[in-house]
Every structure is written in structure tokens, then in C-alpha cells.
Amino acid sequence: MPELPEVEVTRRGVAPHIEDRVVEQVVCRRDGLRWPFPPGLDALLAGRRVLSTGRRGKYLLIHFEHGTLIVHLGMSGHLRVLPPGIEPRKHDHFDLVVNGPAGVQVLRLHDPRRFGAVLWHANEDGALEEHLLLRGLGVEPLGEHFNGALLHHLTRRRSAPIKQVLLAGDIVVGVGNIYACESLFRAGISPRTAASRISRARYDRLAEAIRDILAAAIVQGGSTLRDFIAVNGQSGYFQQTYFVYDRAGVPCRQCDAPVRQIKQGQRSTFYCAQCQR
């Protein structure tokens, strides 16, 4: 599943092509994906200018004067910017057609498994942060309010393993499975450790690791996940620097002990028992 770096790479890729551009047409080729497409979306957006793009966790936000289009890539989705006239492939379910100085361009959503989403939040419906899908999200890990003190404070009553707490998304958002494994390795923390038992000093190291790893992944175009490609059609290459993720049985890059794999909450966790205590 595309995680925060992949979504941020997507946002940065589409932004120059759609920001300050006027929507000419919206094309929906089915009733919806995970949820139905908003009714009358073409009439709602045609002739309207895209003010800016944003991201909240793994949700891409396309802001208009009268509301925000919320896009989620699901498990297998990706967005491409294409010239007009290219015939849609199977699983090309949604187009946002815009016009600007470079002419007409098509932002096309491809989603084979249909776990993605395209939703609309009107300004008259209240603050965007109160949208059902956004209001329970934790702090942004690349934002100014994320640090070890916050993690330490909000985990005093959390007995679940730290890996599961990171994935929950209600304390810090967007740290998915890959980057949780890598961050815990860099901080030297076992993924099995109860969140409430981790000291403030170790949370300082974990917060720094999360920031550094996510930032590096964005620079490197994200990870080459099975279904993810960037807007320009290229794959990321952060996976070439993995220390533990998807390396079960391979010698640890730091101590040569074999990387272990366990299941936590139906997700695979990779870690080094020697380096992570």
C-alpha cells in the first residue's frame, strides 16, 4: 500500500500540472471505488480553479475555493498526468481534466483493486479537519509539532507494542509498515516493546528516525511497491536502502545477525534482535 512518502511524491508530481489550472471536465467511468463518487462532480468542478494541493496522512487534497477533493490511492492506485486523447486502460476509473498555460492535461486515477477513493468536502460542511476520514488522524510526522516529547506523553497508557501504536495513526499519522520497521531499527527499539515502557530519550531517537527516514524516502521517490509508480511513470528506489524491511534471514547490515520476521496485527514485522532491544 502506498505510504506517506509515496503520497507526498505523488502530490509533488501532480502539483505543477494542476495548481492554478481550471477544470474543464471530470470523468467517472464507474459508480465509485471504495465509496461512491460524489454525485454531480463534473458540474461541481467544471470551470473551477484548483487553488492548491495538500496532503493529510495518506490522503491527497486538491483545494478549490468552494471545497476540497479528497483522493486516496488505496492499496494499488496511482495517479498519472497525461496529454489529452490517450484512451483509458482497464482500471482507469477517474479523470480530472484541467486547462492552463501548457494546454489541456489529464490527471488520471488507475486503481485495479478499487480500494481507493475520490470524495468531496464542501466548505459549507465545516472544517476540512472534521471530515470523517481526517478527524481521527494524529500529528503529521514531518510537521513542527511532532517530537519525542509528544510520543512519550501520548503513550503512557498504551500497553500495545510500539510497532502497532505507530501503525494505528491516531498519535502520528502516515508511518506505515515499511517505515515503522525501518524507524524502529534506526532507533534501536524492538517492535515488541510496549509503548508505555519506552523512555523519553528513546522516543527522542525514534521521532528523529521517523523524520529522517520519511524525508529520505520522499527524496528518493518513495519505495517501489508492487503497484506504486510515481506520476512520471518511474518507481522510487528507497527500498535499495532498507535495513530490515523484507530482508528476513538476510544478515543485518550492522551486526550480521539474521533479520527476523514476525506477524503483528496481521502485518509482517522485520527487525534485528541484536540491534533492537
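First, a word on what this report is: a plain description of the structure on this page. (Residues numbered from 1 in each chain as written. Predicted model: local features only at pLDDT ≥ 70, side-chain atom pairs only at ≥ 80, totals over all residues. Heavy atoms only, no water.)

**Re the overall build of the protein chain**
Assigned secondary structure in the protein chain consists of 6 helices and 10 strands. For the protein chain, the C-alpha atoms occupy an extent of roughly 60 × 40 × 30 Å along the three principal directions. Per-residue burial over the protein chain gives 53% buried out of 277 residues. Pairs at least 24 residues apart make up 66% of the contacts formed inside the protein chain by residues separated by at least 6 positions. If the 36 positive side-chain charges of the protein chain are averaged to one point and the 27 negative ones to another, these points end up 10 Å apart. (Helix = DSSP H or I, 4+ residues; strand = E, 2+ residues; numbered from the N terminus. Buried < 20%, exposed > 50% of the residue type's maximum accessible area, 1.4 Å probe, protein only. Contact = heavy atoms within 4.5 Å. Lys, Arg positive; Asp, Glu negative; His and termini not counted. Charge placed at Lys NZ, Arg CZ, Asp CG, Glu CD.)

**Some words on the sheet that holds strand E2 (residues 50-56)**
If you walk across this open sheet you meet the 4 strands as E2-E3-E4-E8, and the pairing is antiparallel. The open sheet terminates on both sides in strands that have one partner only, identified here as E2 and strand E8 (117-122). Going from strand to strand, the sheet's axes swing by 20° on average, the running direction of each strand aside. Strand direction decides the pairing type here: strand E4 (residues 67-72) and E8, joined by 6 bridges, are antiparallel. Along E8, the bridge assignment pairs His72 with Ala117. Packing of helix H1 (residues 4-18) onto the sheet brings it into contact with E2 and strand E3 (59-64), and relative to E2 it is tilted by some 175°. (Pairing = 2+ DSSP bridges. Axes fitted to C-alpha atoms, helices over the stretch in contact; angles between N-to-C directions.)

**With respect to the packing of aromatic side chains**
Throughout the structure, instances matching the rule amount to 5 aromatic pairs. Both rings, one in Phe64 and one in Trp120, keep their centres 6.0 Å apart while their planes meet at 55°; by these two values the pair is tilted. Pair noted here: Phe64 is in strand E3 and Trp120 is in strand E8, with a separation of 56 residues, a long-range link. On the basis of relative accessible area, Phe64 is assigned to the buried category, the value being 4%. Ring-pair connections join several aromatic residues into one group, and the members of that group are Tyr242, Tyr245 and Phe270. (Phe/Tyr/Trp six-rings, centres within 6.5 Å; stacked < 30°, edge-to-face > 60°.)

**Notes on the side chain of Arg108**
Mapping Arg108 onto the fold places it in strand E7 (residues 103-110). Classification of Arg108 by relative accessible area gives buried; the value is 7%. Only 3.1 Å separates the side chain of Arg108 from the backbone oxygen of Ile86, close enough to count as a polar contact. The residues contacting Arg108, other than those within four sequence positions of it, are Arg29, His78, Leu79, Arg80, Leu82, Ile86, Glu87, Pro88, Asp92, Phe94 and Asp95. (Polar contact = N/O pair within 3.5 Å; in protein donor to acceptor, adjacent residues only side chain to side chain.)

**A word on the nonpolar core**
Ranked by size, the top nonpolar core spans 36 residues in total, and within it Leu151, Ile162, Leu166 and Leu206 carry the most contacts. Going through the elements one at a time, helix H4 (162-168), helix H5 (177-187) and helix H6 (200-219) are the ones with two or more residues in this core. Per element, the largest residue contribution to this core is 8 residues, and it comes from H6. Every residue in contact with Leu206, bar those within four places of it in the chain, is listed here: Leu151, Ile162, Leu166, Ser183, Leu184, Ala187 and Ile189. Among the nonpolar cores identified, the runner-up in size contains 26 residues, and Val23, Leu73, Leu79 and Leu96 belong to it. (Core = buried A, V, L, I, M, F, W, Y, C linked by side-chain atoms within 4.5 Å.)

**Remarks on H1**
For H1, with 15 residues, the first-to-last C-alpha span of 20 Å sits near the 21 Å given by 1.5 Å per residue. Those residues of H1 that sit buried are Leu4, Pro5, Glu6, Val7, Glu8, Val9, Thr10, Arg11, Val14, Ala15 and Ile18. At the exit of H1 stands Asp20, carrying a positive phi of roughly 65°. (Expected span 1.5 Å × (residues − 1).)

**Quick look at the side chain of Lys163**
With respect to the helices and strands, the residue Lys163 is situated in helix H4. It is Glu3 that comes nearest to the buried, bridge-free Lys163 among opposite-charge side chains, at 8.8 Å. Excluding its chain neighbours within four sequence positions, the residues that come into contact with Lys163 are Asn177, Ala180, Cys181, Leu184, Pro191, Gln264, Ser268 and Thr269. (Salt bridge = Lys/Arg side-chain N within 4 Å of Asp/Glu carboxyl O.)

**Some points on the pairing of E7**
Burial within E7 is extensive, with 6 of its 8 residues counted as buried. Pairing analysis gives 5 bridges linking strand E5 (residues 78-82) to E7, with the strands arranged antiparallel. Note on E7: the bridge partner recorded for Val81 is Leu107. As paired strands, strand E6 (residues 92-100) and E7 are joined by 8 bridges and run antiparallel to one another. In the sheet register, Asp95 faces E7, and the bridge partner there is Arg108. Between E6 and E7, which pair antiparallel one after the other, the connecting turn spans 2 residues.

**Here we look at the environment of Leu134**
Structurally, Leu134 is set in the loop between E8 and helix H3 (148-154). Once the C-alpha coordinates of Leu134 and Ile70 are considered, the two residues, 64 residues apart in sequence, prove to be 9.9 Å apart. Each residue touching Leu134, except ones within four places of it in the same chain, is listed here: Arg56, Tyr59, Ile70, Leu128 and Glu129.

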